[in-house]
Amino acid sequence: MKGINPVKTITKTQTMKTKVIFILLALGTFSLIFTSCENTEMVEPETSLLPDKFSVAIPSSLSNANSVANGRASGRIKEDTLRGNDIYLHLNTFIAVGDGAAQLVEDIIEGIRKYKIDRIQTLTYTSEEDNRTKNLVVLADATFEGQVWDYQLTLTDADSENAEDGGKALQIFWNKRAQVKGIAIVKPYNCNRLENNHAKDATFRIDYTEGGSSGYDAQMEVSISGLPLESPLVNLFSVNTLKMFVGKKGDVVDVMGNTNHPNAFLFSGNVGYNWAFVAAGNDVKNIGVAEVGLPPSNLNETDRDVLLKQNSIKNVLTTAITNIWPQIDQNLLNAYLVNTAAPGYFDNKTGFLAGGTSPGADWDVLASRLGALSPYNPSVVSNLVVTFK
């Protein structure tokens, strides 16, 4: 069975390409927002109308863009063995993409916080990043998705305002006077045409709420669409959409969601899979537990058992292998599927620890939370399109 391990083809280089794409989007956007307000009147941060927070931090045990490199450095992977961390560690990377989008919004708000935006009605300037004219408008009592928001900020690329997307680069809707709640939508291409020309359709959205009826102290939902796909000849597992929920209660953080990989295939058969996952982490102990399913991208299903049990890592890979080699020796198959059991256990120091075997009581507490969590419908995530007002 040498040479047929498709998950091994997600190399460190390919994973870093996904990371680099996202970092370029993020840096270009934040730089533009920071310079856009450079001629406005400075005020003390405590007088700002902006919310104090706009994201929920995910423990690095679950969100680590370097996890694949770290995991592979821990030992040599045998040619004929598919280790669970080939899938579990990439989950770390995909969660890190969503976490990075949320952190970017925090950076944008922090840049704006230094300026008295409540007194700005309109502002036109030339961006230092792409030398294009940008328009910024701040309104009060704005309506979006059937709700009246205390404030709305919209940034556009002036010469593109007649385009289908209205040239919109950024919209933020938020409440400050009552419950802290907000929505931020970003299209980096309209923020900086030079740095983000490779990702013209990439758009992401953060929905953030503090308190409320969900039982969490704070929660956010991250939605990303239009990420550029690499050629299947280069990377079968590149991501084009993501949807992820994060809720924090005390020291515990629940995470659940899907990433879509439309070109992915395993040995033969279906093309297109979701990484569908649920996870729980402790941000003080920095440990985590995750359960992952690999349902087809076009599966129209919300049932947790279908997504995570019937389409578990072990079941999906077992079916794919035995469809090609029905007479495979069971011992060889077991060796090939080592560490594919659920759930997977993580810490911040080592990364992926084991699949199916708990390291201890602290992880057991987190694992007990997973049964109440479920990913999204794969077909809905696969067809996700993030849009502006």
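Scoring rules and cut-offs
- Residues numbered from 1 in each chain as written.
- Predicted model: local features only at pLDDT ≥ 70, side-chain atom pairs only at ≥ 80, totals over all residues.
- Heavy atoms only, no water.
- Salt bridge = Lys/Arg side-chain N within 4 Å of Asp/Glu carboxyl O.
- Helix = DSSP H or I, 4+ residues; strand = E, 2+ residues; numbered from the N terminus.
- Buried < 20%, exposed > 50% of the residue type's maximum accessible area, 1.4 Å probe, protein only.
- Phe/Tyr/Trp six-rings, centres within 6.5 Å; stacked < 30°, edge-to-face > 60°.
- Core = buried A, V, L, I, M, F, W, Y, C linked by side-chain atoms within 4.5 Å.
- Pairing = 2+ DSSP bridges.

## Comments concerning the pattern of salt bridges
Counted by the stated rule, this structure contains 15 salt bridges. Between Arg 193 and Asp 157 there is a salt bridge, and its shortest N-O distance comes to 3.7 Å. With a gap of 36 residues between them, Arg 193 in the loop between α4 (188–191) and β6 (203–210) and Asp 157 in strand β3 (residues 147–157) connect regions that are remote in the sequence. No difference in accessibility class separates Arg 193 from Asp 157, as the two residues are buried. One salt bridge in this structure joins Asp 283 and Lys 248, with 2.3 Å as the shortest N-O distance. In this pair, Asp 283 is assigned in the loop between β10 (271–282) and β11 (287–293) and Lys 248 in strand β8 (residues 241–249), connecting sequence segments 35 residues apart.

## Focus: the packing of aromatic side chains
One pass over the structure, following the stated rule, counts 10 aromatic pairs. Judged by centre distance (6.1 Å) and plane angle (80 degrees), the ring pair of Tyr 88 and Phe 346 falls under edge-to-face. In this pair, Tyr 88 is assigned in helix α3 (residues 85–113) and Phe 346 in strand β12 (residues 344–347), connecting sequence segments 258 residues apart. Of the residues examined, Tyr 88 reaches a relative accessible area of 0% and is grouped as buried. Its relative accessible area of 0% is what places Phe 346 among the buried residues. Both rings, one in Phe 144 and one in Phe 173, keep their centres 4.3 Å apart while their planes meet at 10 degrees; by these two values the pair is stacked.

## What about the nonpolar core?
Among the nonpolar cores identified, the biggest contains 72 residues, and Phe 54, Met 244, Val 255 and Leu 266 are the most heavily contacted of them. Counting residues per element, this core draws most heavily on α3, at 13 residues. Formed by 17 residues, the second largest nonpolar core is a distinct cluster that contains Val 252, Met 256, Ala 280 and Trp 363.

## Things to note about unusual backbone geometry
For the peptide bond that leads from Ala 342 to Pro 343, omega is -5 degrees, which places it in the cis range. Examined against the element boundaries, Pro 343 turns out to sit in the loop between α7 (330–336) and β12. Positive phi outside glycine occurs at Asp 141, with the angle close to 55 degrees. With respect to the helices and strands, Asp 141 occurs in strand β2 (residues 133–144).

## As for the pairing of strand β7 (residues 218–225)
Sheet faces and side chains relate simply in a regular strand, where the side chains alternate between the two faces. Burial analysis of β7 places seven of its eight residues in the buried class, which makes it a mostly covered element. The sheet contact formed by β7 and β8 spans seven bridges and is antiparallel. Note that in β8 the partner of Val 222 across the bridge is Met 244.

## What about the pairing of strand β4 (residues 168–175)?
Burial analysis of β4 places eight of its eight residues in the buried class, the great majority of the element. By the bridge criterion, six bridges tie β3 to β4 in an arrangement that is antiparallel. Across the sheet, the residue bridging to Leu 153 is Ile 172, located in β4. Bridging between β4 and strand β5 (residues 181–186) involves six bridges; their strand directions are antiparallel. By the bridge assignment for β5, Ile 172 is matched with Ala 184. Counted along the chain from β4 to the antiparallel partner β5, the turn is five residues long.

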